Amino acid sequence: MDLFNRSLTSGICLIAMIVLIGGCLESHNANYAKLGLIPVTGKISLDGAALPDAVVFFEQTSGTKSYATTDENGNYRMKFNSQVDGVLAGEVIVRISTTAKTGELSAEDGDPDAPKKPKKVELVPKAYHKDSNLKLTIPSGNNVFNFDLKSDGSTTGPS
């Protein structure tokens, strides 16, 4: 093969690689508007006291989960994922735990020099997480669901 043909072949291969890599790097933004996500907020308390740093899951029968973490006052705002807030309409099982994780990384997770957090203790009875009896139907519109959980597991829905 002469020098011209090798250069031509190399040039074609280089162009093909650029086109392939460019196609792989192209970002595809999801169109969340088509999902009809519904805003959901609320407050979680345990025996009348705000429950901070608790993880809340709204689990669809399909297995899709929205999640939130309560603030210091027990308030939460459900997220469909790390990019968009909301919950799919329909039946959900609500699971609340002080030891669960959302799967999102916190600032401390990426910092090897950050002090280690003490192991969390589960404050919420199994009736609200592992064996949850909390069920809701998410209608359209803005929704506020407050849960005043009881240590005996007697709460069965939002207040």
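Structure: above.
Okay, so let's go over this structure. Source: prediction; values computed, not measured.

Calculation criteria
- Residues numbered from 1 in each chain as written.
- Predicted model: local features only at pLDDT ≥ 70, side-chain atom pairs only at ≥ 80, totals over all residues.
- Heavy atoms only, no water.
- Salt bridge = Lys/Arg side-chain N within 4 Å of Asp/Glu carboxyl O.
- Helix = DSSP H or I, 4+ residues; strand = E, 2+ residues; numbered from the N terminus.
- Phe/Tyr/Trp six-rings, centres within 6.5 Å; stacked < 30°, edge-to-face > 60°.
- Lys NZ or Arg CZ within 6 Å of the ring centre and 35° of its normal.
- Core = buried A, V, L, I, M, F, W, Y, C linked by side-chain atoms within 4.5 Å.
- Buried < 20%, exposed > 50% of the residue type's maximum accessible area, 1.4 Å probe, protein only.
- Contact = heavy atoms within 4.5 Å.
- Pairing = 2+ DSSP bridges.
- Axes fitted to C-alpha atoms, helices over the stretch in contact; angles between N-to-C directions.
- Polar contact = N/O pair within 3.5 Å; in protein donor to acceptor, adjacent residues only side chain to side chain.

### Quick word on the pattern of salt bridges
Under the definition given, this model contains 3 salt bridges. Close ionic contact of K120 with D53 constitutes a salt bridge, the shortest N to O distance being 3.2 Å. Highlighted residues: K120 in the loop between strand 6 (90-97) and strand 7 (134-138) and D53 in the loop between strand 2 (49-50) and strand 3 (55-60), separated in sequence by 67 residues.

### Remarks on the packing of aromatic side chains
What characterises a pair of aromatic rings is the spacing of the ring centres plus the angle enclosed by the ring planes. Considering all chains together, one arrives at 1 aromatic pair under this definition. A cation sits over an aromatic face here: K65 above F57, 5.4 Å from the ring centre.

### Re the nonpolar core
Ranked by internal contacts, the top residues of the largest apolar core, which has 23 residues, are F58, Y76, V94, I96, I138, F147 and L149. When contributions to this core are tallied by element, the ones reaching two or more residues are strand 1 (40-46), strand 3, strand 6, strand 7 and strand 9 (147-149). Sequence-distant contacts of I96, defined by excluding residues within four places in its chain, comprise I44, L51, A54, V55, V56, V124, Y128, H129, L134, F147 and L149.

### Description of the pairing of strand 3
Burial of strand 3 is extensive: 6 of the 6 residues sit out of reach of the surface. On strand 3, burial covers both faces: V55, F57 and E59 on one face and V56, F58 and Q60 on the other are all buried. The pairing of strand 3 with strand 4 (residues 65-69) spans 5 bridges and is antiparallel. Within strand 4, the residue paired with F57 across the bridge is Y67. Between strand 3 and strand 4, which follow one another and run antiparallel, lie 4 residues, and G63 among them has a positive phi close to 100 degrees. As paired strands, strand 3 and strand 6 are joined by 6 bridges and run antiparallel to one another. Paired with V55 across the strands is S97, a residue of strand 6.

### Some details on the sheet that holds strand 4
With respect to topology, 4 strands assemble into an open sheet ordered 4-3-6-7, the strand pairing being antiparallel. On the outer flanks of this sheet lie strand 4 and strand 7, each paired with one strand and no other. Between one strand axis and the next, the sheet turns through 25 degrees on average, direction left out of account.

### Notes on the environment of P125
Among the structural elements, P125 can be located in the loop between strand 6 and strand 7. Along the sequence, P125 and K150 sit 25 residues apart, while their C-alpha atoms lie 8.2 Å from each other. Beyond its immediate sequence surroundings of up to four residues, P125 is in contact with L46, K150, S151 and G153.

### Considering the side chain of T98
Mapped onto the secondary structure, T98 falls in the loop between strand 6 and strand 7. A polar atom in the side chain of T98 sits 2.9 Å from the backbone oxygen of V121. There is a polar contact of 2.8 Å between the side chain of T98 and the backbone nitrogen of L123. Setting aside its immediate chain neighbours within four residues, T98 contacts L51, D53, A54, K120, V121, E122, L123 and V124.

### Quick look at the pairing of strand 1
When you tally the buried positions in strand 1, you get 5 out of 7 residues, the bulk of the element. Here strand 1 pairs with strand 8 (residues 143-144) via 2 bridges, running parallel. Within strand 8, the position partnered with T41 by the bridge is V144. One ladder, built from 3 bridges, connects strand 1 with strand 5 (residues 75-77); its direction is antiparallel. Within strand 5, the residue paired with G42 across the bridge is Y76. As judged from the 3 bridges shared by strand 1 and strand 9, these two strands associate in the parallel manner. Bridging from a neighbouring strand, I44 pairs with F147 of strand 9. Note that strand 1 and strand 2 share 2 bridges and pair antiparallel. Its bridge partner lying in strand 2, S45 is registered against A50. Counted along the chain from strand 1 to the antiparallel partner strand 2, the turn is 2 residues long, and its residue D47 has a positive phi close to 55 degrees.

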